[in-house]
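Geometric and topological summary
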Amino acid sequence: MGPHPAVAAIRLAVRRVLHDILNDHQTSRALAGRHPGPVAERPPSPLVLVACSGGADSMALASALAFEAPRLGVRAGGVTVDHGLQPGSDLRADEVVLRLRELGLAPVESIAVTVGREGGPEAAARDARYAALDAAAEHHGATAILLGHTRDDQAETVLLGLARGSGTRSLSGMAAVSGAGGRYRRPFLQLDRQTARKACMVQSLQVWDDPHNADPAYTRSRLRHEGLPALEKALGKGVVEALARTAQLSRDDADALDAWASQAEASVRDAAGLLECAKLYALPPAVRRRILRRAAIEAGAPAGALFARHIEEVDRLITGWRGQGAINLPGKVVAQRQGGRLVIRQG
């Protein structure tokens, strides 16, 4: 008799991702073999870490990784991040470390972080968490880190992007592969949250439900417990699946437009590298605004603080020029039109 369907589903999702990681690893080793170095410097197999909070999604992911990795010759470890936002968070992090080790994962560690305030509590916690995960990957020499985001998380991300009015890229949600060198992998984007929770239950895995996930002070929590249920009540079941499908379609469109903007950017700069307003005006708005956003970020504007309204204001220097003054952007960046050129720089 095979495993429970929920367990089989999470294992299959992880197995597919591990196969991708192995293929990438073998390709990089083959390329490295053209310029061989000391044999001792090459690890026998890739190390994959799971980021685990102790919740149902990440515990299900950890259990599937612990089961699949040895069968594919992959080393598997885990890391949990203690954000320090709740009393006893250090003790809970220690409990997660113990559970991961009981699954057979190694190395396993807990990392304590200090959460700032920039961008709001959710964004600040996310930034601190990813910085810690990046550090853990570098420290252990990990090839990849698995994240337990589910289809439900994807649907929430799409709705949050829609509420911000941030364009196609925000509607594309989370990528299955992201980060430097494809470090972050999300095996569960096609699985719902209930499947992960069921897999934990049938395997008798202890899970911790973060009270922040039910705290209405957090936007994502309100969306999860009020917004999505209201949408399903009004529109019927299938909203989550439709939003996740929208994310993939939007990602395909955004990737194509990003590639177009990258190719077009060189053609709209003069010999000094300045953006020429007339040539920018001739481009489709979606392509032009991508070039403007990239230029603002290169000048020092923080990507997370640069919203659609900022880019629209800069775009009006191209499409609605009436002699208006400079546009102030996040990060003390200023955009202004000078002699038919668009100048974006630190103010």
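Just so you know, these numbers come straight off a predicted model, no measurement behind them. (Residues numbered from 1 in each chain as written. Predicted model: local features only at pLDDT ≥ 70, side-chain atom pairs only at ≥ 80, totals over all residues. Heavy atoms only, no water.)

Attention shifts here to the packing of aromatic side chains. Considering all chains together, one arrives at one aromatic pair under this definition. When the ring of Tyr-130 is compared with that of Tyr-184, the centres are 5.1 Å apart and the planes differ by 85°; the resulting orientation is edge-to-face. One end of the pair, Tyr-130, is in helix H4 (residues 121-140); the other, Tyr-184, is in strand E6 (residues 184-185), and 54 residues separate them in sequence. Owing to a relative accessible area of 4%, Tyr-184 belongs among the buried residues under this scheme. One cation-aromatic arrangement involves Arg-11 over Phe-67; the distance from NZ or CZ to the ring centre is 3.5 Å. (Phe/Tyr/Trp six-rings, centres within 6.5 Å; stacked < 30°, edge-to-face > 60°. Helix = DSSP H or I, 4+ residues; strand = E, 2+ residues; numbered from the N terminus. Buried < 20%, exposed > 50% of the residue type's maximum accessible area, 1.4 Å probe, protein only. Lys NZ or Arg CZ within 6 Å of the ring centre and 35° of its normal.)

To continue, consider helix H2 (residues 56-72). Spanning 17 residues, H2 covers 24 Å between terminal C-alpha atoms, matching the ideal 24 Å at 1.5 Å per step. Burial analysis of H2 places 13 of its 17 residues in the buried class, which makes it a mostly covered element. Just downstream of H2 lies Gly-73, where phi reads positive at about 75°. (Expected span 1.5 Å × (residues − 1).)

As a further point, take the side chain of Arg-183. Residue placement: Arg-183 occurs in the loop between strand E5 (177-178) and E6. The buried category is assigned to Arg-183, whose relative accessible area is 12%.

With that settled, consider the pairing of strand E9 (residues 333-338). Pairing analysis gives three bridges linking strand E8 (residues 327-329) to E9, with the strands arranged antiparallel. Paired with Ile-327 across the two strands is Ala-335, which belongs to E9. Across six bridges, E9 lies against strand E10 (residues 341-346) in antiparallel orientation. Counterpart to Val-333 in the pairing with E10 is Gln-346. Hairpin connection between E9 and E10: a loop of two residues separates the two successive antiparallel strands, and Gly-339 in this loop has a positive phi of roughly 55°. (Pairing = 2+ DSSP bridges.)

What follows is about the nonpolar core. Within the largest apolar cluster, 36 residues are counted, with the highest numbers of intra-cluster contacts made by Val-14, Leu-18, Leu-65, Leu-105, Leu-146 and Phe-188. Among the secondary structure elements, those contributing two or more residues to this core are helix H1 (5-32), strand E1 (47-51), H2, helix H3 (89-102), strand E4 (144-146) and helix H7 (193-202). Residue contacts for Leu-146: discarding those within four places in its chain leaves Val-14, Val-17, Ile-21, Val-48, Leu-49, Val-50, Ala-51, Leu-61, Leu-65, Arg-185 and Pro-187. Listed in part, the 26 residues of the second largest apolar core include Cys-277, Leu-292, Ala-299 and Ala-335. (Core = buried A, V, L, I, M, F, W, Y, C linked by side-chain atoms within 4.5 Å. Contact = heavy atoms within 4.5 Å.)

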